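Breakdown of the fold
In case you want the letters, here they are:
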Amino acid sequence: MKTPPAQLDKTTFGFWLYLMTDCVLFASLFATFAVLRANTAGGPSGKDIFDLPFVLTETVLLLTSSFTSGMALLAARAKVHKQVFFWLSATFLLGAAFLFMEMREFTHIVSEGHGWRMSAFLSSFFTLVGTHGAHIAVGLIWMFVMMFRFSASKISANDLRRLTLFTMFWHFLDIVWIFIFTIVYMFGALS
Amino acid sequence: MSTKKNGMSLRNAYLVGFLLSLLLTLCSYSLVTRHTFNNATTMALIASLAVIQLAVQLIFFLHLDREKRPHWNLLTFLLTVGVLIILVFGSLWIMSNLDYNMHPRSDTEEYIIKDEGFHKN
Amino acid sequence: MLGKLTLDAFKHGPIVTVGQISMVLGALSVVGLLFYLKRWKWLWREWITTVDPKKIGVMYIVVALVMLLRSLSDAAMMRAQQAISVGSNHGFLSSDHFQQVFTAHGTMMIFFVAMGLMFGLINLIVPLQIGARDVAFPFLNATSFWLYAMGAVLLNLSLMVGEIGATGWLAYPPLSELAYSPGVGVDYWIWSIQIAGIGSLLSGVNFLVTILKLRRAGMTLMKMPMFVWSVLGSMVLVVVAFPILTATLAMLALDRSLGMHFFTANAGGNPMMYINLIWAWGHPEVYILILPAFGIFSEVVATFSKKRLFGYAYMVWAIIAIVFLSFVVWLHHFFTMGAGANVNAFFGIMTMVIAVPTGIKVFNWIFTMYRGRVQFTTPMLWFLSFVLTFTIGGVAGVLMAVPAIDFQVHNSLFLVAHFHNMIIGGVVFGYFAGLTYWFPKIFGFKLNERFGRYAFWCWSVGFLLAFIPLYILGMMGATRRLDHYDASLGWQGLFIVAGVGVMVILAGVGFQVLQLIVSIMQRDKNRDKTGDPWDGRTLEWSTASPVPVYNFATLDPVTERDVFWSQKQQKQAAKIQYEDIHIPRNTPIGFLIAVSALLFGFAVIWEIVWLNVVAVLCIIGLVMYRTLDDNTEYVLTAQEVKALETKGAKA
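Worth saying up front: this structure is predicted, and the values here are computed from it rather than measured. (Residues numbered from 1 in each chain as written. Chains lettered and ligands numbered in written order. Predicted model: local features only at pLDDT ≥ 70, side-chain atom pairs only at ≥ 80, totals over all residues. Heavy atoms only, no water.)

**Digging into the overall build of chain C**
Scanning chain C for helices and strands turns up 20 helices and two strands. Relative to its length of 651 residues, chain C is compact, with a C-alpha radius of gyration of 25 Å against a globular reference of 26 Å. Summarising its shape, the C-alpha atoms of chain C cover approximately 75 × 60 × 50 Å along the three principal directions. Going through the 651 residues of chain C one by one, you find that 60% of them count as buried. Taking the intrachain contacts of chain C between residues at least 6 apart in sequence as the baseline, contacts between residues at least 24 apart amount to 83%. (Helix = DSSP H or I, 4+ residues; strand = E, 2+ residues; numbered from the N terminus. Rg over C-alpha atoms; globule rule 2.2 N^0.38 Å. Buried < 20%, exposed > 50% of the residue type's maximum accessible area, 1.4 Å probe, protein only. Contact = heavy atoms within 4.5 Å.)

Quick look at the structure:
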């Protein structure tokens, strides 16, 4: 079935509202992190456990994937089938690399004996960054399913709608990451 | 959905957004690692850089500037930002006020462990 | 294999056993009835898999009313305990059991009764009032309902397997942390609310899009019926407040299940942050519930006064002001918990300011009645009682907005009396008025007026009897959540009066049940053949009762406010041009997603790891299946619509 423009408009607005609710969810986690960040209870502070060059690499990976997801959308709108698949694969690989690095960071911190049970600071750190990571994981599953669709058949209106929503989701996650990068890692390295 | 407005194609918008975001990220990173300013100034600077990057991505990636009237996306976004500010800064204000009025945390903890017999996990 | 779940979870004291037996008997009789009438297929096809908001609305209301009955019996138990548990008599409830009862009462009344009635009426009426054929996302709507229903199931399951928390309806830490509440009660509380809350959040998104994007052509924002405006305000609050609840509950769950330290009393946790966050959601929640009730009264008063609503624009701005202000008052719930004078002063003043737009609304309703031809039908009676009780509660509220006074009455029965005044006198009376008003639209026949009036008088009188004594007791120092007190305090007389009040309310509920039975039996006498039984003003009355699946056969543009009223005055017969209508197909996916969420919650509560994994995989698989399904609609052709319409007109 074809998706009429009114349908697309309604769906993108609904999805935008969902993103707004996610914004507030992250805001609650940010507020909690900000209140608890000094409560290290004898454990390490952010300065002790953050590896800044590592975090910068993660940031660049995610930012680039945000860009490539936009390219995928443009290619899909122009109905250039091969390019969609290329840009989407690039986005998937960059996203997967980001998630892999984040998991490496987590396992590293935990293996040094600084798990989330240790202090309020560590609890809020793992929860805030982990929630973002969980969203990334959902995005990866989403992309995986879409790549099958784009490799199998030509681009339908519904596929285009899914891709439009996905890029909104992916850009949103990059925006959340700007603030995680700034408030968790950069502020953490300073104080 | 128009591809062209303000003389810029969507492809160029993505490219400009990407490069600007990259630049802003590197700026705040080098501000922190090089310790050019004292901590308070650096924090204020990189917080502003983050807000600028937010605007960059909203315009060049999410194309909020190209939305047609009645701008529901923009309006709901501004509403959400308002709530965000109230929630985050309100919480910080309230919690720091509680902190100031109530006992220093470390003393309380010691007292609880020593006299009440509760132990840390 | 089954985590923490052992046979001990099924062992309970005699009073709980009575509750369990009545629940099992109730469930068995429903199941038996379904077998006897051979209605299983009907239940599955017509109700469980439906995506029609008119049916979903009815299901919301049925679940809410069942929960209301259960929760009222909790209220009666508490009142009975407080009336007799004096001096050497310790009543029939142990302290721990009493605490579980008040936790269950508060949780059910807010999350499952009030929210259920609200979303039920919104589902039934909002698409009709904006002249639309459906909601924006029908499948999502069904999923939301089933999440709400499964949250209710999970909460009721706590009565059968395990226990409910003894921590009050908002489960303040550190009491609700594992160190002080090691049982599964708080986990049941967390997950039943979490599941239902996510349902509410999705509904909020759905109805916001529905109202902003699906209005009939020509219906600008300032031409919307006032109920739609109030729902718009309420849904804005849902969208920006419920995520705070989701995050806060998730953090408490992480504390309990993974040993984190957000709100614990040790390792740097800060319990006050929970109280801060939960009220940042909790205060808007109050307005989420009351705004639609305001909207209902706006419709009821205009219809039964045969007049336009007085001060439409002021009503709209009052709603917008309330939406904004409800976000800057949350600290008034914890004035006494350590904030300094400047913080308390700010939030105290903001709380007083919010009384202004609310006052404007009350005056506008009264001015609408002024010089109108007022018909004192049951919905109108509920309104009049609302004005009295809501004003008493409002004045008490402004009083408590003064921090210095709040220090005297915080956590006392004065507060309990205040918020029951707002929630019963405001929200519940409002929804009762709405149910009576829109009942003929939904079911095609009116409710019996006589029994409606009896129920109204019992509720109103019983309410005052039950709660005015609590104001006095609160001033005398009686705290809330009190299961026993000393005889020398001299409180027993007032507690007995309050207990009598609850019995009068229960009589009112009895009349409501009778009203329903009698109305169904006499339905042929009270049938609504015109679709417009009250001489209404808004679009929902322009279509047949009960409403056809497509709501409206034709979508004529709207030209002004109260458009149906002016159409009736002009008496012009529009030329009808039928068209093809797309209708969403029924699907069980929403129901199955919610069942998986229920299993997930149950598995977390009892630490059954494999079930957790299975439930998550089920949810992912179901969502994927649904998003890739392109065949979700069918078409009702113009000829079929015409046949249905003309058949309806003949009958």
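Here the narrative resumes, following the displayed structure.
**Notes on the nonpolar core**
Ranked by internal contacts, the top residues of the largest apolar core, which has 299 residues, are A:F125, C:W189, C:W281, C:W365 and C:W606. Of all the elements, helix α8 (residues 271-305) of chain C adds the most residues to this core, at 22 residues. Among residues more than four places away in sequence, those in contact with C:W606 are C:L2, C:G3, C:K4, C:L5, C:A9, C:V161, C:G162, C:V184 and C:Y188. Counting eight residues, the second-largest nonpolar core is a separate cluster that includes C:A553, C:Y578, C:I583 and C:A638. (Core = buried A, V, L, I, M, F, W, Y, C linked by side-chain atoms within 4.5 Å.)

**With respect to the interface of chain B and chain C**
Taken together, the contact pairs 19 residues of chain B with 31 residues of chain C. Taken together, both faces of the contact between chain B and chain C bury some 2,100 Å²; the carbon and sulfur share is 76%. On inspection of chain B and its partner chain C, the count reaches zero salt bridges. Looking at which element gives the most residues to the side of chain B that touches chain C, the answer is helix α3 (residues 72-101) of chain B, with 13 residues. Residues that form the side of chain B that touches chain C fall into these classes: 11 nonpolar, six polar and two charged. (Buried area = accessible area lost by both parts, 1.4 Å probe. Salt bridge = Lys/Arg side-chain N within 4 Å of Asp/Glu carboxyl O. Nonpolar A, V, L, I, M, F, W, Y, C, P; charged D, E, K, R; others polar.)

**Comments concerning the packing of helix α3 (residues 52-77) of chain A against helix α1 (residues 10-34) of chain B**
Contact pair α3(A) / α1(B): the axes reach a minimum separation of 10 Å and the direction vectors enclose 175°. Viewed along their axes, α3(A) and α1(B) adopt a mutual orientation that is roughly antiparallel. Its residues placed into classes, the contact of α3(A) with α1(B) shows 17 nonpolar, six polar and two charged. (Axes fitted to C-alpha atoms, helices over the stretch in contact; angles between N-to-C directions. Parallel < 35°, antiparallel > 145°, perpendicular 65-115°, else oblique.)

**A few points about the interface of chain B and chain A**
Facing 40 residues of chain B, the contacting portion of chain A comprises 42 residues. Buried area between chain B and chain A, summed over both chains or domains, comes out near 3,800 Å², and the portion from carbon and sulfur atoms is 81%. Looking only at chain B, the three residues that lose the most surface to chain A are B:Y14, B:Y29 and B:L62, adding up to 16% of its buried area. Elements represented by at least two residues in the side of chain B that touches chain A include exactly α1, α2 (39-60) and α3 of chain B. The element contributing the most residues to the side of chain B that touches chain A is α1(B), with 13 residues. Partitioned by chemical class, the residues of the side of chain B that touches chain A number 25 nonpolar, 12 polar and three charged.

**Digging into the side chain of C:T246**
Within the fold, C:T246 resides in helix α7 (residues 226-258). When sequence neighbours within four positions are dropped, the list of residues in contact with C:T246 reads A:L25, C:Q194, C:I198 and C:L201.

**Things to note about the domain arrangement of chain C**
All names here are of chain C. According to the domain assignment, chain C contains domain 1 (1-75 + 93-269 + 543-651) and domain 2 (286-536). Computed from C-alpha coordinates alone, the two centres of domain 1 and domain 2 are separated by 23 Å. If you look at the interface, domain 1 gives 51 residues, while domain 2 gives 45 residues. Buried area between domain 1 and domain 2, both sides added, is near 4,200 Å², and the carbon and sulfur share of it is 75%. Considering only the surface of domain 1 that becomes buried against domain 2, M226, L237 and S545 emerge as the three largest contributors, covering 16% of it. (Domains from an automatic or database assignment.)

**Quick look at the pattern of salt bridges**
All names here are of chain C. Inspection of every chain in the model, using the stated rule, returns 12 salt bridges over all chains. Residue E579 is joined to R133 by a salt bridge in which the shortest nitrogen-to-oxygen separation is 3.1 Å. Taken together, the residues span a long stretch of sequence, with E579 in the loop between α17 (563-570) and β1 (581-584) and R133 in the loop between α4 (95-129) and α5 (138-160) at a distance of 446 residues. By relative accessible area, which is 33% here, E579 ends up partly exposed. For R133, a relative accessible area of 18% corresponds to the buried category. It is possible to trace a salt-bridge network through shared partners that takes in D532, D535 and K568.

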